[in-house]
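Structural overview
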Amino acid sequence: MLVCILTLIIGYVWADGVSFQRPLSVCPPGWLAWQDACYILLPDRVNWWQAKTVCDRPGSSLVVPDSQEEQDFIWREMRSRMEMIVGSSTNKLELWIGCKDVDNTGQLTCLGVQDRPQFTNWNGGNPHHHQDQDCIRMAEKYGGNWGDSGCQSKKFASCEMRVSHRSYCLQADADGRFTPQCLLNHEIKNLTAAGVIGCGQACWAEPRCHSFNLWQKGDDKKVCQLNNASSIEADPAFLKKVESCNVFDL
Ligand SMILES: *[C@@H]1O[C@H](CO)[C@@H](O)[C@H](O)[C@H]1NC(C)=O
Ligand SMILES: *[C@@H]1O[C@H](CO)[C@@H](O)[C@H](O)[C@H]1NC(C)=O
């Protein structure tokens, strides 16, 4: 049994048969889970810049579909939610995505994507290469496919949050109890941190960090030890039962 702690909801999630390579995607209330990410529809229609700003939080940004499967998921789910808000009026069923056609060549620049996106989903006739149509949206009139549009016009938008990097997992026994164990001899450094969340964030911020040990020292002192391997990457010989110590994998 694997137990994952997701910083965003600060809770415990119990699951059977979930592997370390694929942390369970658990989303905060109101967010929809799909693969290793969470999605939400913003309740108001906003211009592209506002959508980008609202979605821009740690781990989250304006949605950028990078496969046909993700496109289909987003359009299916967000379309039905938009419809609940504005009815079936075709011209209002439009959803900003985090891509722009800045140089009006149809070569997109997308948030969080280096160079050009691998996946695009233009509707025939798009892009229009007009200077005042730099921002990209999915549209009902295109069956959810993409078209370019004026960035100042108000449309729905969806934020996407990748959760795989923000959940910390540890191995529990079949009855849900933890055997205290830690990964030794892989230390990058020690820090003081209040708990799993703080230590996890420190590990996440350190590129070499793949797991961390949380040592309980006395009643209220914890030592956060960042490790350069995860507990499954490392030689099992270094995974030792230690009282008051638990290893968490990123
Ligand atoms: C990980 O850290 C240990 C010491 O803490 C070091 O001996 C080892 O070479 C490091 N491994 C990698 C892959 O950096
Ligand atoms: C880091 O903390 C652990 C647990 O208290 C300890 O075993 C280890 O020696 C410490 N490392 C350093 C460099 O102080």
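Heads up: the structure comes first, above all this text.
No experiment lies behind these values; they were computed from the predicted model shown. (Residues numbered from 1 in each chain as written. Chains lettered and ligands numbered in written order. Predicted model: local features only at pLDDT ≥ 70, side-chain atom pairs only at ≥ 80, totals over all residues. Heavy atoms only, no water.)

The next thing to look at is the site of ligand 2. Contacts to ligand 2 come from E187, N190, W215, K217, V223 and Q225. Contact between ligand 2 and E187: a nitrogen atom at 3.1 Å from a side-chain N or O atom of the residue. The side chain of N190 places a nitrogen or oxygen atom 2.4 Å from an oxygen atom of ligand 2. Its free accessible area being 360 Å², ligand 2 has 50% of it covered by the protein chains. Those elements that place two or more of their residues in the shell around ligand 2 are β13 (187-192), β14 (211-217) and β15 (221-227). Class assignment of the residues belonging to the shell around ligand 2 gives a composition of two nonpolar, two polar and two charged. (Near = heavy atom within 4 Å. Polar contact = N/O pair within 3.5 Å; in protein donor to acceptor, adjacent residues only side chain to side chain. Areas by Shrake-Rupley, 256 points an atom, 1.4 Å probe, with all protein chains shown as cover. Helix = DSSP H or I, 4+ residues; strand = E, 2+ residues; numbered from the N terminus. Nonpolar A, V, L, I, M, F, W, Y, C, P; charged D, E, K, R; others polar.)

Evaluated as defined, the whole model comprises eight salt bridges. With its nearest N and O atoms 2.6 Å apart, the salt bridge here joins K155 to E94. You can see K155 sitting in the loop between β9 (146-149) and β10 (156-162) and its partner E94 sitting in strand β6 (residues 94-100), a full 61 residues away along the chain. Through salt bridges with shared partners, a single ionic network connects R76, E77 and R81. (Salt bridge = Lys/Arg side-chain N within 4 Å of Asp/Glu carboxyl O.)

Near ligand 1, the surroundings consist of N185, H186, E187 and N228. In the model, an oxygen atom of ligand 1 is placed 2.9 Å from a nitrogen or oxygen of the E187 main chain. Here an oxygen atom of ligand 1 sits 2.4 Å away from a polar atom, N or O, in the side chain of N228. Protein burial of ligand 1: of its 360 Å² of free accessible surface, 32% is covered by the chains.

Regular strands place side chains that alternate from one sheet face to the opposite one. Of all the seven residues making up β10, six are buried; the element is thus mostly covered by neighbouring parts of the structure. Pairing geometry for strand β4 (residues 37-41) and β10, over five bridges, is antiparallel. When the bridges of β10 are listed, I40 appears paired with C159. In this sheet, β10 lies alongside strand β5 (residues 60-62) in antiparallel orientation, the contact comprising three bridges. Counterpart to L62 in the pairing with β10 is C159. One ladder, built from two bridges, connects β6 with β10; its direction is parallel. (Buried < 20%, exposed > 50% of the residue type's maximum accessible area, 1.4 Å probe, protein only. Pairing = 2+ DSSP bridges.)

Among the nonpolar cores identified, the biggest contains 23 residues, and Y39, I74 and L95 are the most heavily contacted of them. Going through the elements one at a time, β3 (32-34), β4, α2 (68-86), β6 and β8 (135-139) are the ones with two or more residues in this core. Contact partners of Y39, with chain neighbours within four places excluded, come to G30, W31, L32, W34, V63, E70, F73, I74, M78, S158, C159 and E160. One finds W31, C38, W48 and A51 within the second-largest nonpolar core, a separate group that totals 15 residues. (Core = buried A, V, L, I, M, F, W, Y, C linked by side-chain atoms within 4.5 Å. Contact = heavy atoms within 4.5 Å.)

What characterises a pair of aromatic rings is the spacing of the ring centres plus the angle enclosed by the ring planes. Using the criterion set out here, one finds five aromatic pairs in the structure. Taking 5.8 Å as the distance between ring centres and 85° as the angle between the ring planes, the aromatic pair formed by F119 and W146 counts as edge-to-face. Here F119 is found in the loop between β7 (109-110) and β8, whereas its partner W146 is found in strand β9, with 27 residues between them in sequence. Assessed through its relative accessible area of 0%, W146 is described here as buried. (Phe/Tyr/Trp six-rings, centres within 6.5 Å; stacked < 30°, edge-to-face > 60°.)

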